[in-house]
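So you can see what is in the structure, the chains are spelled out below.
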Amino acid sequence: MVQAVRGGPLFLALFSLGWVATLGVLALAAVGCLAAQYRRRPAGAGTEARRPAVPLPAWSKPPLAVLGSGWLGIGAGLLFFPAFWGALLPWTVNRADAQGLGVWALALGVGVLGSLVEDDLARIRPALGAVPAVALALAVVLAVRSSAVDWTSGAGAALATLVAGLLVTGVSGRWLLARAARRAEDGAPGEDG
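Quick look at the structure, then. Values in this document were obtained by computation on a predicted structure and should not be read as measured data.

1. Observations regarding the overall build of the protein
Working step 1: From N to C terminus, the protein includes eight helices and zero strands.
Working step 2: Helices and strands appear in the protein in the N-to-C order α-α-α-α-α-α-α-α.
Working step 3: A buried classification covers 30% of the 193 residues belonging to the protein.
Working step 4: Counting only carbon and sulfur atoms, one obtains 68% of the accessible surface of the protein, whose full area is about 11,800 Å².

2. Re the packing of aromatic side chains
Aromatic rings considered in pairs are described by the distance between their centres and by the relative angle of their planes.
Working step 1: As enumerated under the stated definition, the model contains two aromatic pairs in all.
Working step 2: Seen from their ring centres, Trp71 and Trp104 are 5.7 Å apart, and the 90° between their planes marks the pair as edge-to-face. A residue pair is termed long-range when its members are at least 10 positions apart, and Trp71 in helix α4 (residues 61-80) and Trp104 in helix α6 (residues 95-118) qualify at 33 residues.
Working step 3: The class of Trp104 is partly exposed, set by a relative accessible area of 34%.
Working step 4: On the basis of an interplanar angle of 85° and a centroid distance of 5.8 Å, the ring pair of Phe84 and Trp85 is categorised as edge-to-face.

3. A closer look at the packing of α4 against α6
Working step 1: The interhelical angle for the contact between α4 and α6, taken along N-to-C directions, is 155°, at an axis separation of 7 Å. Taken as axis vectors, α4 and α6 run roughly antiparallel relative to one another. Note on packing geometry: the crossing formed by α4 with α6 is left-handed.
Working step 2: A per-class count over the contact of α4 with α6 returns 19 nonpolar, seven polar and one charged.

4. Topic: the packing of α4 against helix α8 (residues 154-186)
Working step 1: Between α4 and α8, the shortest axis-to-axis distance is 10 Å and the interhelical angle comes to 135°. With respect to α8, the axis of α4 lies oblique. Crossing geometry of α4 relative to α8 is assigned as left-handed. Here α4 contributes Leu64, Leu67, Gly70, Trp71 and Ile74 to the contact with α8, which in turn contributes Leu162, Val163, Gly165, Leu166 and Thr169.

5. Observations regarding α8
Working step 1: Compared with the 48 Å implied by 1.5 Å per residue over 33 residues, the 47 Å span of α8 between its first and last C-alpha is a close match.
Working step 2: Buried within α8 we find Gly156, Leu159, Leu162, Val163, Gly165, Leu166, Gly170, Gly173, Leu176 and Leu177.
Working step 3: Residues of α8 that are buried sit in contact with α4, α6 and α7 (125-144).
Working step 4: Once α8 ends, the next one or two residues include Gly187, with phi positive near 80°.

6. As for the pattern of salt bridges
Working step 1: Under the criterion given, the structure shown has two salt bridges.
Working step 2: Salt-bridge contacts for Asp119 lead to Lys61; the nearest nitrogen and oxygen are separated by 3.6 Å. Taken as a pair, Asp119 in the loop between α6 and α7 and Lys61 in helix α4 lie far apart in primary sequence, 58 residues in all.
Working step 3: One salt bridge in this structure joins Glu118 and Arg123, with 2.3 Å as the shortest N-O distance.

7. What to know about a nonpolar patch on the surface
Working step 1: Together, Phe80, Phe81, Phe84, Trp85 and Leu88 give the surface a local cluster of nonpolar side chains, amounting to about 570 Å² of exposed area.
Working step 2: No other element matches the three residues that helix α5 (residues 82-88) contributes to the nonpolar patch.
Working step 3: Looking at the secondary structure, you find Trp85 in helix α5.
Working step 4: Given a relative accessible area of 31%, Trp85 falls into the partly exposed group.

8. Notes on α4
Working step 1: Over its 20 residues, α4 runs 28 Å from end to end, which matches the ideal 28 Å to within 8%, given 1.5 Å per residue.
Working step 2: Buried within α4 are the following residues: Leu64, Leu67, Gly68, Trp71, Gly75, Gly77, Leu78 and Leu79.

Conventions and cut-offs
Residues numbered from 1 in each chain as written. Predicted model: local features only at pLDDT ≥ 70, side-chain atom pairs only at ≥ 80, totals over all residues. Heavy atoms only, no water. Helix = DSSP H or I, 4+ residues; strand = E, 2+ residues; numbered from the N terminus. Buried < 20%, exposed > 50% of the residue type's maximum accessible area, 1.4 Å probe, protein only. Areas by Shrake-Rupley, 256 points an atom, 1.4 Å probe, with all protein chains shown as cover. Phe/Tyr/Trp six-rings, centres within 6.5 Å; stacked < 30°, edge-to-face > 60°. Axes fitted to C-alpha atoms, helices over the stretch in contact; angles between N-to-C directions. Parallel < 35°, antiparallel > 145°, perpendicular 65-115°, else oblique. Left-handed = near helix turned anticlockwise from the far one by under 90°. Nonpolar A, V, L, I, M, F, W, Y, C, P; charged D, E, K, R; others polar. Contact = heavy atoms within 4.5 Å. Expected span 1.5 Å × (residues − 1). Salt bridge = Lys/Arg side-chain N within 4 Å of Asp/Glu carboxyl O. Patch = residues over 30% accessible without salt bridge, like charges linked within 9 Å, V, L, I, M, F, W, Y side chains within 5 Å.

Laid out in structure tokens, this is it:
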């Protein structure tokens, strides 16, 4: 904070490497909570596996795996090798920015891949609402700062694809969940994929 008081950049003071480490620990804690959730069995479940209320369609799993792996890989690269991966971004970033973006992208990747593990649209309903909001917020930021982004680069095209993937994931997931709810009300059997 002394740096900010003396006229230095406030962002670097607020988002120092200590914050990156804190957010990294929180991300690992979230993964640990997810693992603990799967070790625990619901009361009365016995030895049989939990059946998803609204399973993911089979056709949706490969695109989700690619989307989640893309965000996870970019996030890990930016977090652990910011000098190399930061230079590949379609705009100029410093080390702190690259690592901050890395933590954010890593969290998105873990979330998308976690939906594959969960395999139940009913249980990931809050994420289906949050993912399109994140994509739209990111699109607004990129639109406002579009002059600073090199849209002709491969990284620019990849970023646009990953953001669009988040939007499509959330919207299509909400649509599939609503369709399953309508089928349940009508008493029709669901589809597996």
